[in-house]
Amino acid sequence: MGGPSSEREVSLSTGRGCAQALRDEAYRVVEVDCGPDLPSVLADLKPDVCFNALHGRWGEDGCVQGLLEWLRIPYTHSGVLASALAMDKARTKEVYRAHGLPVVESVIASKAEVMARHVLPPPYVVKPNNEGSSVGVYLVTEGANAPPRLSEAMPAHVMVEAFVKGRELTCSVMGDGPGDPGALTVTDILTDGWYDYDAKYKPGGSRHVVPAEIPSEIFDACMAMATTAHRVLGCRGVSRTDFRWDEERGMDGLILLETNTQPGMTPTSLTPEQAAVRGFDFGALCRWLVEDASCDR
């Protein structure tokens, strides 16, 4: 848990919560705040399983997964390829398109170009191509005269994506094999404004309606598309796919935004809420992830 990414604090919260839940399930747990000495720490610990509670770069993009494969330590969640692929939003969209999943127009552009002119007609969103949790997300509203001023922390190249109005929906998938729970349910995320970092992780930042009170055809489509996204990206363990739905356009208004291979596991997180609806309390969800762990993922 922890690590050096921009999502370090959320990862620490996820890690602490999961560690306690696993202790309550009678596992012996050591909490490791990841640093440059991680290979030697793991070599000394010789764990039976690594529970990956890292978020963001290095923990969610295939890097730590490659290390665990090298050390032959079974681990939770997705493997090297699926992690790297899902973390790259542009390449994820290419896979979605190839399998008939609906996405919205976007381009990769240099940070300098994005600050110099409107790369797409407003409204649009600017975000890093390989970060999560709405870190560094800029919403440029319709009629905006000037392009956004991006922070120094933003990478040299970013994704510029057409803004799709509508509701925020999400669906978690627990495995895709025989006997796995599969797609869990759909959550409708209600906020007063943009679903940003605070809305995701601060108590009261958003309200989750689970199961979502939406038409059955949209609900079923989210479940089916999340399952397809999990499968075609090669995800393992738990993933969560996020959607936008413009209800004025019906089924045509439903699009996929991204798939998270390391969904948050904090007290306000979406995946534990969805698992609970299907009869998996927090401890049972963590236990399922541990028992699902392997190498060669």
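Relevant structure appears above.
Now for a look at the structure at hand. Starting from 1, residues in each chain are numbered consecutively following that chain's sequence as written. Two thresholds apply to this predicted model, a pLDDT of at least 70 for residue-level local features and 80 or more for giving and counting side-chain atom pairs, whereas whole-chain, interface and lining totals are computed over all residues. Hydrogens and water are ignored here; the side-chain numbers use all heavy atoms of the structure.

Right, let's talk about the nonpolar core for a bit. In these notes, a set of buried Ala, Val, Leu, Ile, Met, Phe, Trp, Tyr and Cys residues joined through side-chain atoms within 4.5 Å is what counts as a nonpolar core. For every residue, the accessible area obtained with a 1.4 Å probe (protein chains only) is divided by the maximum for its type, and the residue is called buried under 20%, exposed over 50%, and partly exposed between those limits. Residues Leu169, Val186, Ile214, Phe243 and Leu254 are the most contacted members of the largest nonpolar core, which totals 26 residues. Secondary structure is summarised from DSSP: a helix means a run of H or I of at least four residues, a strand means a run of E of at least two, and numbering begins at the N terminus for each. Sorting the residues of this core by element identifies α4 (80–87), α5 (89–98), β5 (167–174), β6 (182–190), α8 (216–233), β8 (238–245) and β9 (254–260) as the ones contributing at least two each. If one sorts the elements of this core by residue count, α8 sits on top with 9 residues. With residues near it in sequence (within four places) discarded, Val186 still touches Leu169, Thr170, Cys171, Val209, Val210, Pro211, Ala212, Ile214, Phe219, Cys222, Met223 and Gln274. Ranked by size, the runner-up nonpolar core spans 13 residues in total, among them Leu184, Met265, Ala275 and Trp288. Note on definitions: a residue-residue contact is assigned when non-hydrogen atoms from the two residues lie within 4.5 Å.

Now for the packing of helix α1 (residues 8–24) against helix α10 (residues 282–292). A pair of packed helices is captured by two measures, namely the crossing angle of their axes and the spacing between those axes. Throughout, an axis means a line fitted to C-alpha atoms (over the contacting stretch in the case of helices), and angles, computed between N-to-C directions, take values from 0 to 180 degrees. With their axes 9 Å apart at the nearest point, α1 and α10 run at an angle of 90° to one another. Regarding the angle of α1 to α10, the classification is roughly perpendicular. Residues Gly17, Cys18, Ala21 and Leu22 of α1 form the contact with α10, whose participating residues are Phe282, Gly283, Cys286, Arg287 and Val290. Residue classes in the contact of α1 with α10 are distributed as 6 nonpolar, 2 polar and 1 charged. Angular relationships are summarised with four words: roughly parallel below 35 degrees, roughly antiparallel beyond 145, roughly perpendicular across 65 to 115, and oblique for the angles in between. We call Asp, Glu, Lys and Arg charged. Ala, Val, Leu, Ile, Met, Phe, Trp, Tyr, Cys and Pro are nonpolar, and the rest, Gly among them, are polar.

This paragraph deals with the sheet that holds β9. Sheets are built from strands that pair by backbone hydrogen bonding, the pairs being arranged parallel or antiparallel. Whether two strands pair depends on DSSP finding at least two bridges between them. Spatially, 5 strands are ordered β7-β6-β5-β8-β9 in an open sheet, and the strand pairing comes out antiparallel. The open sheet has two edge strands with one neighbour each: β7 (207–209) and β9. Taking each pair of neighbouring strands and ignoring which way they run, the sheet shows an average axis angle of 30°. Bridge count between β5 and β8: 8 bridges; the pairing is antiparallel. The partner of Cys171 across the bridge, within β8, is Thr241. Running over the sheet, helix α9 (residues 270–277) touches β5, β6, β7 and β8 and is turned about 125° from β6.

Moving on to the pattern of salt bridges. Whenever Lys or Arg places a side-chain nitrogen within 4 Å of a carboxyl oxygen from Asp or Glu, that contact is recorded as a salt bridge. Under the criterion given, the structure shown has 16 salt bridges. With its nearest N and O atoms 3.1 Å apart, the salt bridge here joins Glu69 to Arg72. Of the charged contacts in the structure, one is a salt bridge between Arg297 and Asp292, with a shortest N-O distance of 2.8 Å. On the basis of relative accessibility, which here comes to 12%, the residue Arg297 falls in the buried class. Three or more residues are tied together by salt bridges with common partners; here these are Glu69, Arg72 and Asp296.

With that settled, consider the environment of Val140. Residue placement: Val140 occurs in strand β3 (residues 138–140). Look at Val140 and you get buried, because its relative accessible area is 6%. In this structure, the C-alpha to C-alpha distance between Val140 and Tyr124, residues 16 residues apart in sequence, is 5.3 Å. The contacts of Val140, once residues within four sequence positions are left out, are His118, Pro122, Pro123, Tyr124 and Pro148.

Looking now at the layout of surface pockets. Summary: where empty space remains is shown by rolling a probe the size of a single water molecule over the atoms. Buriedness of a pocket was judged along seven lines, with at least five required to meet protein on both sides within 12 Å; pockets are open sets of points on a 1 Å grid over the protein atoms alone, cavities are sets where a 1.4 Å probe fits but cannot get out, and lining residues have an atom within 4 Å of a point. Grid points are joined across faces, edges and corners, and a volume is the space filled by probe spheres set on the points. There is about 740 Å³ of room inside the largest pocket. Secondary structure elements with two or more residues in the lining of the largest pocket: α1, α2 (38–45) and α3 (63–71). Per-element accounting of the lining of the largest pocket gives the leading share, 4 residues, to α1. A class-by-class count of the residues in the lining of the largest pocket yields 21 nonpolar, 2 polar and 4 charged.

With that out of the way, let us pick up the side chain of Thr14. As for its placement among the helices and strands, Thr14 is situated in helix α1. Residue class for Thr14 comes out buried when judged on its relative accessible area of 1%. Leaving out residues up to four positions away in the same chain, Thr14 has contacts with Ala53, His55, Gly264, Met265 and Thr266.

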